[in-house]
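Close look at the chain arrangement
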Amino acid sequence: MPRIELLNNINHKNLRINTAKKKEFGDSVAGAVIYPFEFSAVHKEYPILFQKDENTGEFQAIAFFGFEENENLFLGDDWEANYIPAVIRREPFFIGFQQESGSSEPTMVVHVDMNSPRISTDGTGQPVFLDNGGNTDYLNEVRETLVHMHNGIASSKQMMAQFLDLDLIERVTLDITFRNEAKFKTDMFYTINKEKLFGLNESAVAAMHKSGLLQLAYMAIDSLSNIKTLIKRKEARLSRS
Amino acid sequence: MIKKIVILGGGSAGWLTAGLIAAECQAVEVVLVESPEVSTIGVGEGTWPTMRNTLNKIGISETEFIRDCSASFKQGSKFIGWTTGRGDDVYHHPFTLPSSGTECNLVAAWRNYCPNVPFSEAVSFQSRISDLGLAPKNIAMAEYAGALNYGYHLDADRLGVLLSDHCQRKLGVTVIRDHVTQVNSAENGDVESLMTKNSGIVQGDLFIDCSGGRSLLIGQHYGIKLIDQSKYSVNDRVLAARVPYGSERPDIASMTMATAMSAGWIWDIGLSTRRGVGYVYSSAYIDDEAAENELREYLKKGASHSNVDEIELRQLRIAAGYREKMWVNNCVAIGMSAGFIEPLEASALALVELSAKMITNEMPMTRKTMEIVAQRFNRTFRYRWEKVVEFLKLHYVLSSRSDTQYWIDARSPESIPDGLNDLLELWRYRAPSSYDFQSVEEVFPSASYQYVLYGMGFRANETFGKKSDRVEVGIEAIKRNFELVGKFSERLPKNFDLIEKIRVHGLQKI
C-alpha cells in the first residue's frame, strides 16, 4: 500500500531517494506510459506502441522494455539506455494541486510515497532538500518532470484523438519466435498504419506537420525497428541462462 | 429505375428503414413523411444482436447511441414461472449460440454428462454471466464488439429522435412533417403520390408503409386483410409502466425478464436510467382491474420504488396477426403496418431490420423487377411471421401449469399451429437441428428452439445415439463453458459501471 504524504522541508528534511535503477527499487517493468514530449528521445531506444487503458478504454503510448510481465531487458547493473521515461524518473513523487485561500489559481504541490522502495533508509541516495531547507537540483528536476508529465496527459489525449480521427491507428499482431523456440504472441497493441499515413492528402499532412503530429507519427513508426533490439536482448539473456 | 423512396411514418420502423436504405443506397432519394398529429407507440424496448450491425451500417456510433437512448446491454431473455410456476422455475434463452468448436451433438453430450445442470448453462456461459449482472464487454473493447453476443434495451422514443437527427444531418434524408390526407393512384394501381395537408403532393417510385397499426397504405388503401393469429396468440392487452430505479447506481439486469402471470406474462426491461415493465394479458381470462393489481403486486415485489401505486400505467390493445401480403404494387409494409405479435421474444424491431435489409439487397430495382421482388418478399415474410408465431407458441405449449384456465387452454391442441405440432413430434426422437429451419436468415435458429425446449424440461423419448453425435467432443465443450464463466466473470464489469464509463470516456471505434 502506498503511503502518500505532502512533501515539505520539515517532515522530509533528511529524505533521500535511491535514484539508481535496480530490480529492488521496482525497476523490473516491461513497459511504461510515455508522453509526446518524450517521443524524440524514446523512439531511439525503445519500441513505441499504443495500448488501451483498461479502466477508460482510451489509447495511450507505451515504451517497451520487455516481453513478459516484470521483464526489463534494459536492466542490468544499471539501466542500459540513454533515456529513461519520465514516469520512471519521477519516482517516488507525484504531482498535486492545492487551492490556497485568497488565490484563484491552484498551486502545484509535490506528493511522495513514503512506502516506495526508492525511499532510502541507509543514508545513501540523492538528498531532496539542502541543509538550509531549499530544494536540491535533484528535486527541481523532479518538479520539472512532473510538470511535463502533467501537461503531457492533455497533449497525449490530443495526439491520440487526432490519430484516430485520421484513421491512422491499426491493431498489430506481434508473433515472435525466439531462438530457443519460445514464443511471444499478442494482439493487444496498436500502431500507426504507414499506408494510411502516406495516403493522407496534402492539407491533412500540412496540418499535421504544423501541429507536430507528423513527426510523432514518424517517430512511432521508426521506433518499431527497436523490437529487433529488444529481441536480441532477450535472446542474449536466454543464451546466458 | 427506383430513384425515390417515400417512407410513411416516423416511428422506430420508419427511421430504421430510412437509415438503412439511405446509408446503403446513396443514389436513391429517401423522403420520410411523419405526421405531427400522430404520436409514436414508443414501446418495443428490446432488440436482437442484429441491431448492432444495423446501427453500425447506418453510421451511428455505439457511444452516442448508448448515451442518447438510455440503452443498456441485453444478453437474452430469462423466463420465470413458465414451466411449473414454482419458485425454482427459471430458464434462459441467451443470445450466444451453443458453442462446441467442432461439429457434435451438444444435446446428447448434455444428457450424457450433466442432465441436472440447466441446458443453457451447459452449452453457453452466458446465462451465468447474465445472472451475475455483468456486461457482455468491457471499456477496452471497440464499439459494437463484444466478448458475448448482445443486443440492447433502449428507449424507443429516444432512438427515434437519434435516428431522425442522424438520417437528416448525415444521410440526406428529407423529412416532411405533415399529415397525409389522400393517396393518389396511377392507372396500374400503383401509389403515384401522397397528398399532404400543407406540403402538397409527395411523389415517389416506391412507398414504404411504416404507419403502424393504422396501416394506411397496405391496410386502408389496398385493403389487404390481416391474417388473424389470435387463435395461437391470445394476449390482447398490454399495461405498460416506466419504473424508476430505487438506487443511484442500480444493478441493471442483463436479460429481459419475462415472468408468467395468471393470464399472461410481465416483461421487465432494465434501461440505463429506468425500467420498462408491462403486463401482456388476455382479456378473456382477466379483467383490466385485476391485471392492474397483479402488475402493481409485481412492482412491489421488485421493491425498487416506494410509491408503486402512483406509477402511471398506459394501456394498449394488441391483436396478433399479419397481412396476407406485405408488398402490393409499389408499396411495402414494414413494422406494425405489416403485422403485430406480443413482444415475447422482441421480434418486432428484428423484423423491421430484416425487411429493410431485404429491400436494400434487392436494389437497384426497376418497376418490372419489383414484381418479382414483391413475390419473394411476400413469400419470405409470410414464412418469417409463421415461424415467429410458432416459436412464441412453443413457450406456452410445454408448460405444465394448471393453476389457471389460461395456462391450460394455452396448450390445447387446437391452439397449436400445425407446423409446430410436426416439429414437436420429430423432437421427441431427436434434437432440433438446422435441417428443421432451412431458409437463409431464419428468424430463430435451431439453437433458440433448443434453449426453450430443454429449458422447459421437454422430455424426449428413449432413443439411440449416432456416431456423428461425438459425445466426447461435446462434453469437452461443456467443460470449457464452465471454465469460461470464471474467466469472464473476472474481466467483465457490471452493466451500470460500464455504461457509466461509456458516458465519461466513450468506446473506441477500433
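What counts, and where the lines are drawn
Residues numbered from 1 in each chain as written. Chains lettered and ligands numbered in written order. Predicted model: local features only at pLDDT ≥ 70, side-chain atom pairs only at ≥ 80, totals over all residues. Helix = DSSP H or I, 4+ residues; strand = E, 2+ residues; numbered from the N terminus. Rg over C-alpha atoms; globule rule 2.2 N^0.38 Å. Buried ≥ 20, exposed ≤ 12 C-beta atoms within 10 Å, placed from the backbone. Contact = placed C-beta atoms within 7 Å. Pairing = 2+ DSSP bridges. Axes fitted to C-alpha atoms, helices over the stretch in contact; angles between N-to-C directions. Domains from an automatic or database assignment. Nonpolar A, V, L, I, M, F, W, Y, C, P; charged D, E, K, R; others polar. Core = buried A, V, L, I, M, F, W, Y, C linked by C-beta atoms within 7 Å. Expected span 1.5 Å × (residues − 1). Bend = angle between axes of the 7 residues up to and from the residue.

1. Focus on the overall build of chain B
A count of helices and strands for chain B gives 16 helices and 21 strands. Against the 2.2 N^0.38 benchmark of 24 Å for 510 residues, chain B shows a C-alpha radius of gyration of 23 Å, consistent with a compact globule. Burial statistics for chain B: of 510 residues in total, 48% are counted as buried. The contacts in chain B between residues at least 6 apart in sequence include a share of 76% that link residues at least 24 apart.

2. What about the sheet that holds strand E7 (residues 107-113) of chain A?
Residue and element names in this part refer to chain A. Sheet architecture is open: three strands sit in the order E1-E7-E6, paired in antiparallel fashion. The strands lining the two open edges of the sheet, one partner per strand, are strand E1 (4-6) and strand E6 (93-98). Between one strand axis and the next, the sheet turns by 40° as a mean value, whatever way the strands run. By the bridge criterion, six bridges tie E6 to E7 in an arrangement that is antiparallel. Bridging from a neighbouring strand, Gln98 pairs with Thr107 of E7.

3. What about the domain arrangement of chain B?
All names here are of chain B. Taken domain by domain, chain B holds domain 1 (4-45 + 155-226 + 320-382), domain 2 (95-150 + 387-491) and domain 3 (237-317). Measuring from the centre of the C-alpha atoms in domain 1 to the corresponding centre in domain 2 gives 34 Å. Listed by partner, the interface residues are six residues for domain 1 and seven residues for domain 2. Considered class by class, the residues forming the side of domain 1 that touches domain 2 number three nonpolar, one polar and two charged.

4. Some words on the environment of Leu130 of chain A
Residues and elements named next belong to chain A. By secondary structure assignment, the location of Leu130 is in the loop between strand E8 (126-127) and helix H3 (137-165). Look at Leu130 and you get partly exposed, because 13 C-beta atoms sit within 10 Å. Along the sequence, Leu130 and Leu197 sit 67 residues apart, while their C-alpha atoms lie 50 Å from each other.

5. So, the sheet that holds strand E21 (residues 339-340) of chain B
Residues and elements named next belong to chain B. Ordered in space as E12-E18-E21, the three strands form an open sheet in which the pairing is antiparallel. Sheet topology places strand E12 (226-228) and E21 at the edges, where each strand pairs with a single neighbour. Across two bridges, the pairing between strand E18 (residues 321-323) and E21 is antiparallel. Bridge pairing in E21 links Tyr322 to Gly339.

6. Description of the environment of Tyr406 of chain B
Counting through the fold element by element, Tyr406 of chain B comes out in helix H12 (residues 405-409). Those residues within four positions of Tyr406 of chain B in sequence are excluded, and the remaining contacts are Ser262, Ala263, Ser282 and Tyr285 of chain B.

7. Quick notes on the nonpolar core
With 151 residues, the main nonpolar core has Ile7, Leu8, Ala18, Ile208 and Ile334 of chain B as its most contacted residues. The greatest single-element share of this core, amounting to 12 residues, is contributed by helix H11 (residues 367-397) of chain B. Phe93, Leu139, Met208 and Leu213 of chain A belong to the second largest nonpolar core, which has 40 residues in total.

8. Some points on H3 of chain A
Residue and element names in this part refer to chain A. With 29 residues, H3 should reach 42 Å at 1.5 Å per residue; the first-to-last C-alpha distance of 41 Å fits that figure. A maximum bend of about 30° is found in H3 at Gly152. Of all the positions in H3, only Leu139, Val142, Leu146, Met149, Gly152, Ser156, Met159 and Phe163 are classed as buried. Just downstream of H3, Asp167 is the residue with a positive phi angle, here 60°.

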